[in-house]
Each structure stands twice: as C-alpha cells, then as structure tokens.
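This is what each chain is made of:
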Amino acid sequence: MSIENMGSIETLVVATLGEAAGRQTLAMLAIDPALLTQRGDTVSRAAFAMALNVTLFADLLHRVPSGKAYVADTLARGGKVMFDHGALRSIRFPDGPTGALPGGEDAFTRIFLPLGYAMAAIYPLDRLKMTGRAYRHSDFPEAIPQFFLSELHVDRFDPEFAEAAARVFGTSRDPLDDRAKAMLARYEAGEAVQLVDAIATLPVILSAFDRQHDAPGFADYQLLLSRSNEAAWIATEGNGFNHATDRVADVAALAERLKAEDRPMKEKLEVSATGRVRQTAFRADSVERLFADGELRQVPGSFYEFISRDIDPATGRLDLAFDTGNATGIFAMTSAQAGASR
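As a convention, each chain's residues are numbered from 1 in the sequence order in which they are written. In keeping with the predicted nature of the model, local features appear solely for residues at pLDDT of at least 70, side-chain atom pairs appear and are counted solely at 80 or more, and the whole-chain, interface and lining totals rest on all residues. Here the side-chain values reflect all heavy atoms present in the structure, with hydrogen atoms and water set aside.

Topic: the nonpolar core
Inclusion rule: Here the nonpolar core consists of buried residues drawn from Ala, Val, Leu, Ile, Met, Phe, Trp, Tyr and Cys, with membership extended through side-chain atoms lying within 4.5 Å. Three exposure classes are used, based on accessible area relative to the maximum for each residue type with a 1.4 Å probe and protein chains only: buried under 20%, partly exposed in between, and exposed over 50%. We count a stretch as a helix when DSSP gives it H or I for four or more residues in a row; a strand needs E for two or more, and each element gets its number in order from the N terminus.
Counting 64 residues, the largest nonpolar core has Phe48, Phe57, Phe112, Phe209 and Tyr304 as the members making the most contacts within it. Of the residues forming this core, the biggest block, 12 residues, is contributed by helix H4 (residues 45-63). By size, the runner-up hydrophobic cluster in this structure holds 31 residues, among which are Ile91, Leu125, Ala232 and Ile234.

Shown next, in the form of structure tokens:
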C-alpha cells in the first residue's frame, strides 16, 4: 500500500518497525477508528502519540516472551489487545540531572506534554521510596494508552546507595537530538508537524525508552539490589517499558484461566480502594544482561499486565485512575521473589 493510502499512524509504525512487523503489531491492537483515519501531510499530536505507543508495545513483546505468547493466543481466539497503559521507571537525584539526562520524570515529561499528555494524578509509593504519576492524553483519554511514570528518590536511601547509584546512572546520555527536540517544540507550540519530520523523529523518541547509561558494575548492582529491587531493575533495564497492560472485561476470570493454563501468573489480584480498578500480571521474564566486568547474568526483565476498569458513577465514564496499593503490588513482579507473597 502506498503512503498516500495509509493513515498517519500506519505510516509512522510501518516506517519505524518495517512493513511486516508494523502491520503485524497494528493488527494486534484495538485502535479507535478516529485515530486510524487521520492522514495527510501533517501528523497530529494524538496520531504521533498513538504511533509511539504501538512501537513501544512491539518492543515490549520482543523482550517479554510470556506476553508475546499471550497476545498470540488472544489473536487466535479472535480477540485484540486494548492497550490501556505502559509503565516506566526513572531515577531522581536530589541535585538535578542524571548524567546528561534530565532527572527523573523530566526526561519524559518533555516528551509527554508536547504530545498532548497531562498529569492526571500523583501516587506516593512510599514503601518503595518512589513516586508514581499518571499521564493521560487530553484528546483521546480512553483510546490512547496512559503512561504510569515512576521516580525512585535516591535521597531517601543511605549514602552508600547514593554513591553506587551515582556510579551506575551518572554515565547516562541524552537520546534526544536537535531534530527531535525541535519537533516536540512545534507540537508544544501548537504548530503543524510535517509527516516527513515525524517519520524521521519517531525512532529517536522511541530510543528514549531504553537504557541510557553504561553497563553497571556487578558490585554496584548488588548493592542497589540489597536496598531496592526497583533500583536494581533500572540499573539493567533503564527506562524501557517495565510493563504494558491489556484492558480486559473480566480480569479475575482471565487470571483464573491463565493460572489453569500454567502461565506465570501473579498469585493475588490487586483491587483498588474504590473496587473499580482490578489488576494482575505475569511475573517478569528473565533476561540476560551484560555487566561491566564482561559477564552475562540473568536478571528480571519486563512483564505483561492485565486490568479491568469499571464505570465511575460520578462521571458516567470509564474510571481511568490507578491505585497506590495496586501499583506497589504490581511492581513486585520484577523482584527476585516475584509473586511469592503477593
């Protein structure tokens, strides 16, 4: 199919992932037709945001075999994935940037806000010494996946931890080049972004969702791990998608079926304080990562999550909120003992 006959999202995804992988990923997802029909010489912020999420979903499946197998099974059953949200983790030092990378969530709000996202809520994750924030798209809040962006606060740990964290994360690079920053500035100013610029820039924006620092030293990794599973995870995985989430009608029933199929399920269903948001997940798949000493070691990677959302009677619309307790429980999927107690 020629570019002239393709919508903006399809054009961007195919240009970034390639013809076969792009179309395959698009076929997995239930995407609002109002987004898919957008086309022309310019790309809306909503179309770019959705294309970014599609490519991030493809990257997550590439790294998470259990999620890829679930999606294949869903398609074989005649279904599609309703991509609800993706989660990522960041590091916040008290004195500013992380190497050349803006500190904590700043590395991503400079992407999210120009693309039409707004912060919807803050979720203190005090037990993890973290803060979570939900970013929701202003134009298509129910159709474009949210981001759950968390920061780990280095200043809430001891000095030994802070020194190891500085050694690991201080080598961070800034993946955004001048062209990407200029395109984001045009979106932020409400100006038109040409399709050719969007095509050139999407892979650069996508690269921000990766590890930006050098391979960690193993002793530093072990020290971080002794204090925080989440810090150790960021040391090997960086700012990659921690998980992607499928919005399903009945997550409790799905969880029981997946357990019966001997999938790597979380034992306990997480239910929000309102009762309207229910979540569970697969345990993180193990991945092999290279450390500074040249050794490859098995560490927890990313995972695939499931969520059901009910209507909020106060608004008559889907409850798009998150829950601190749910998030804390879900985060345990990347620990060494994932799911053992939760």
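The structure having been displayed, the exposition proceeds.
Here we look at the sheet that holds strand S1 (residues 83-92)
Think of a sheet as strands paired side by side through backbone hydrogen bonds, with each pair either parallel or antiparallel. The cut-off we apply is this: The rule for pairing is simple: two strands pair if DSSP sees at least two bridges between them. It only takes one pair of heavy atoms within 4.5 Å for two residues to be counted as in contact. Only the stretch in contact is used when fitting a helix axis, every axis being a line fitted to C-alpha atoms; angles between N-to-C directions are given from 0 to 180 degrees.
Spatially, the eight strands line up as an open sheet ordered S2-S3-S4-S1-S5-S10-S7-S6, and their pairing is mixed. On the outer flanks of this sheet lie strand S2 (117-125) and strand S6 (270-271), each paired with one strand and no other. As paired strands, S2 and strand S3 (residues 130-137) are joined by eight bridges and run antiparallel to one another. Considered in S3, the bridge of isoleucine 122 is made with arginine 133. Packed on one face of the sheet, H4 meets S1, S2, S3, strand S4 (146-153), strand S5 (243-247) and strand S10 (303-309) and runs near 130° to S10.

Digging into unusual backbone geometry
The phi angle at lysine 129 is positive, at roughly 60°, despite the residue not being glycine. Summarising the element assignment, lysine 129 is placed in the loop between S2 and S3. Of note, aspartate 262 is a non-glycine position whose phi angle comes to about 65°, a positive value. A relative accessible area of 69% places aspartate 262 in the exposed class.

What to know about the packing of helix H2 (residues 19-28) against H4
Rule in force here: Each angle receives one of four descriptions, namely roughly parallel if under 35 degrees, roughly antiparallel if over 145, roughly perpendicular if within 65 to 115, and oblique otherwise. By the convention adopted, Pro, Cys, Tyr, Trp, Phe, Met, Ile, Leu, Val and Ala count as nonpolar, Lys, Arg, Asp and Glu as charged, and the other residues, Gly among them, as polar.
Running from N to C, H2 and H4 cross one another at 95°; their axes reach a closest spacing of 10 Å. Comparing their axes, H4 and H2 come out roughly perpendicular. Between H2 and H4, the residues in contact are Thr25, Leu26 and Met28 and Val54, Phe57, Ala58 and Leu61, respectively. Each residue belonging to the contact of H2 with H4 can be placed in one class, and the counts come to six nonpolar, one polar and no charged.

Structural notes on empty space enclosed by the protein
Heads up, the rule is: Each cavity reported here is a set of points on a 1 Å grid over the protein atoms alone in which a 1.4 Å probe fits but cannot get out, each pocket an open set with protein on both sides within 12 Å along at least five of seven lines, and each lining residue one with an atom within 4 Å of a point. Grid points are joined across faces, edges and corners, and a volume is the space filled by probe spheres set on the points.
Here the structure, examined in full by the defined rule, presents three cavities of 30 Å³ or more. Taken as a whole, the largest cavity spans an internal volume of roughly 110 Å³. Around the largest cavity, the lining comprises 16 residues; the ones closest to its centre are Ile91, Thr98, Leu101, Ser172 and Asn239. Of the residues assigned to the lining of the largest cavity, the class counts are seven nonpolar, nine polar and no charged.

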